Amino acid sequence: MSISSYPFDEQSVSEGQYSYLFRELASHSGIADSVGGAGFNVYGDGSGMRVKVNAGYAIVRGHAVQSTATETVTIAAASAATRYDRVVLRLDPTANTITIAVVQGTSGGGVPALTQTDTGVYEFPLATITVPIGTATISPSNVQGEREFLGNSVGGWTTATRPRGPRTGRLGLNTSTNQWEFWDGTQWRDLAPTINWSTIQGAPSTFPPASHTHPWGDVTGKPSTFPPGLHVHSWGDIGGKPSTYPPSSHSHSWSSITGKPSTFSPSSHSHSNYLTSGSTISWANGSKKPHSNAASGSGTWYSVWVEGNGTFARNTSSIRFKKNVRDYEINPDDLLKLRPVIYDRKDTVDEETGETKIGRKDEVGLIAEEVKAAGLDWMVNYLDGEVDGLRYDLLGVALVPVVQRQAAQISDLEARLARLEAQLS
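Quick caveat: nothing in here was measured; it's all calculated off a predicted structure.

Enquirer: What is the right way to read the sheet that holds strand 3 (residues 50–53) from this model?
Expert: Backbone-to-backbone hydrogen bonds join strands into a sheet, with any given pair of strands oriented parallel or antiparallel. Taken in spatial order, the three strands make up an open sheet running 2-3-6, and their pairing is antiparallel. One side of each edge strand has no neighbouring strand; the edge strands of this open sheet are strand 2 (42–43) and strand 6 (71–74). As judged from the two bridges shared by strand 2 and strand 3, these two strands associate in the antiparallel manner. Its bridge partner being in strand 3, Val42 is matched across the sheet by Val53.

This is the structure in structure tokens:
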């Protein structure tokens with residue numbers, strides 16, 4: 001039989017036929033409550049791995065379910081990664097039941113899909129439960145509601161719980177936006193959208209004004225003064241002009257100056273001495289004055305020291321300049337470890353000119369690091385915390401105990417020799 005009708009008196013009507021009939025009357029599955037009401041609301045109260053489900057009445061694929069008390073639903077223990085479970089109303093036509101059940105997700109997976117067949121098991125979502133790693137309790141923040149709500153001729157829902165797969169023309173109030181909306185077969189559209197210029201179809205992009213005028217009094221925002229536009233005046237029309245014009249501050253390039261002399265004799269001047277008291281040379285690379293001077297004439301001569309800041313000073317040794325004088329032990333064997341070497345200076349690049357300067361060849365001296373390693377650190381100079389140079393002037397002081405030891409050894413040998421000669425005679 002291709003056509004059937006029901007229900008009529010003394011007629012057997014199947015469960016599936018009633019379910020189909022009620023689905024058309026109720027439009028879809030949902031909670032029989034106002035949008036956002038407490039019917040079948042799922043919540044966590046922090047009492048452990050469980051959630052509570054409020055009492056409520058619902059239609060699931062044309063079948064009714066009623067709960068008259070709050071139910072407690074157990075959530076499985078946390079997994080090795082975050083898991084998402086879903087609390088559902090599960091319609092099982094074979095068992096003739098609609099029960100509250102948990103669809104457990106997979107560790108590290110997304111929200112699990114639901115079974116929603118047309119004639120078999122149908123799972124209606126109530127909430128998604130987030131189960132973090134290591135959690136031992138379900139708090140209110142772990143529960144995200146998914147309930148859809150019923151309506152008669154029209155329905156109501158939130159943006160997140162709109163009916164899935166509605167028929168074209170389905171109408172309802174979206175409580176998230178507080179706007180009436182309908183399904184046009186492709187998307188949910190605002191039933192009474194706010195009209196603005198950008199939503200008007202076929203509106204022109206520009207409106208050329210027709211020829212018209214405005215009285216001066218109607219013009220707003222006009223300036224109080226009007227700077228004159230670019231224009232010229234004849235010299236004769238200018239009044240009150242001065243008879244002379246002192247030149248303003250200005251400059252001339254050297255090439256534009258005419259009649260300049262070919263040479264410029266220096267005016268009377270003098271140069272300061274580099275070695276006078278208080279004078280310093282910042283680059284401290286030696287005095288320029290001794291470069292052209294010969295070591296002649298009378299007077300006292302000094303070896304010149306240069307401090308790290310470029311100041312020149314004489315080397316004084318009188319007891320008048322010293323205090324806390326005490327003996328300093330120098331191990332002659334440390335001096336005997338020193339290794340005279342011959343070497344070449346590395347090439348350097350002038351920072352100002354970029355010119356490469358060739359280092360001197362075949363210089364004779366010591367290596368500062370080897371002097372330090374020999375235990376003579378007091379002869380080493382440091383710059384910015386690194387070994388830099390040597391106090392070669394202290395090398396003579398260091399050699400004194402070597403000479404003293406040799407003198408004592410010679411004196412001892414001479415005494416032995418004298419005794420030996422006396423015995424032989």
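Read on, since the account is not over.
Enquirer: Which parts of the structure should I look at to understand the pattern of salt bridges?
Expert: Between side chains of opposite charge, a pair can form as their charged atoms come close. All told, the structure shown has 13 salt bridges when counted by the stated rule. Between Arg86 and Glu146 there is a salt bridge whose closest N-O contact spans 2.6 Å. Of this pair, Arg86 sits in strand 7 (residues 83–92) while Glu146 sits in the loop between strand 10 (143–145) and strand 11 (155–157), and the two are 60 residues apart along the sequence. In terms of burial, Arg86 and Glu146 fall into one category: buried.

Enquirer: Please clarify how the pairing of strand 21 (residues 380–383) should be interpreted in this entry.
Expert: Side-chain direction in a regular strand flips from residue to residue, so the side chains alternate between the two faces of the sheet. Summarising the sheet, strand 21 and strand 22 (residues 386–390) pair through four bridges and their orientation is antiparallel. Note on strand 22: the bridge partner recorded for Asn381 is Gly389. Between the end of strand 21 and the start of strand 22, which pair antiparallel, lie two residues, with Asp384 showing a positive phi angle near 55°.

Enquirer: Looking at this structure, how should I read the side chain of Glu148?
Expert: The topology assignment puts Glu148 in the loop between strand 10 and strand 11. By relative accessible area, Glu148 is classed as buried at 5%. When residues no more than four places from it in sequence are discounted, the contact partners of Glu148 are His28, Ser29, Gly30, Ile31, Phe124, Thr161, Arg162, Pro163 and Arg164.

Enquirer: Even after reading the chapter, I still don't get the environment of Asp85, so can you show me in this structure?
Expert: You can see Asp85 is positioned in strand 7. For the pair formed by Asp85 and Val103, sequence separation is 18 residues and the distance between their alpha carbons is 5.7 Å. Looking at Asp85, its side chain comes within polar contact range of the main-chain nitrogen of Gly105, at 2.9 Å.

Enquirer: Which parts of the structure should I look at to understand the sheet that holds strand 1 (residues 30–31)?
Expert: Taken in spatial order, the three strands of this open sheet run 1-4-5, and their pairing is antiparallel. Since the sheet does not close on itself, it has two edges, and those belong to strand 1 and strand 5 (63–67), each with one partner. Of the pairings in the sheet, the one linking strand 1 to strand 4 (residues 56–60) comprises two bridges and is antiparallel in character. Bridging from a neighbouring strand, Gly30 pairs with Ile59 of strand 4.

Enquirer: I'm lost on helix 4 (residues 395–424) in this one. Help?
Expert: Since one α-helical turn is 3.6 residues long, residues separated by three or four positions face the same way. Its 30 residues place the ends of helix 4 44 Å apart at the C-alpha level, agreeing with the 44 Å of an ideal helix rising 1.5 Å per residue. Every buried residue belonging to helix 4 is among Ala398, Pro401 and Val402, and all of these are buried. On its buried side, helix 4 packs onto helix 2 (332–336).

Enquirer: Looking at this structure, how should I read the packing of aromatic side chains?
Expert: All chains considered together, the criterion is met by five aromatic pairs. Each ring, one from Trp157 and one from Trp188, has its centre 4.9 Å from the other, and the planes form 55°; the classification is tilted. Within this pair, whereas Trp157 is found in strand 11, its partner Trp188 is found in strand 14 (residues 188–190), the two being separated by 31 residues in sequence. For the pair Trp157 and Trp188, one class covers both residues: buried. Clustering of aromatic rings is evident, with ring pairs tying together Trp157, Trp183 and Trp188.

Parameters and conventions
Residues numbered from 1 in each chain as written. Predicted model: local features only at pLDDT ≥ 70, side-chain atom pairs only at ≥ 80, totals over all residues. Heavy atoms only, no water. Pairing = 2+ DSSP bridges. Helix = DSSP H or I, 4+ residues; strand = E, 2+ residues; numbered from the N terminus. Salt bridge = Lys/Arg side-chain N within 4 Å of Asp/Glu carboxyl O. Buried < 20%, exposed > 50% of the residue type's maximum accessible area, 1.4 Å probe, protein only. Contact = heavy atoms within 4.5 Å. Polar contact = N/O pair within 3.5 Å; in protein donor to acceptor, adjacent residues only side chain to side chain. Expected span 1.5 Å × (residues − 1). Phe/Tyr/Trp six-rings, centres within 6.5 Å; stacked < 30°, edge-to-face > 60°.

Treat this as a map of the structure, not an account of what it does.
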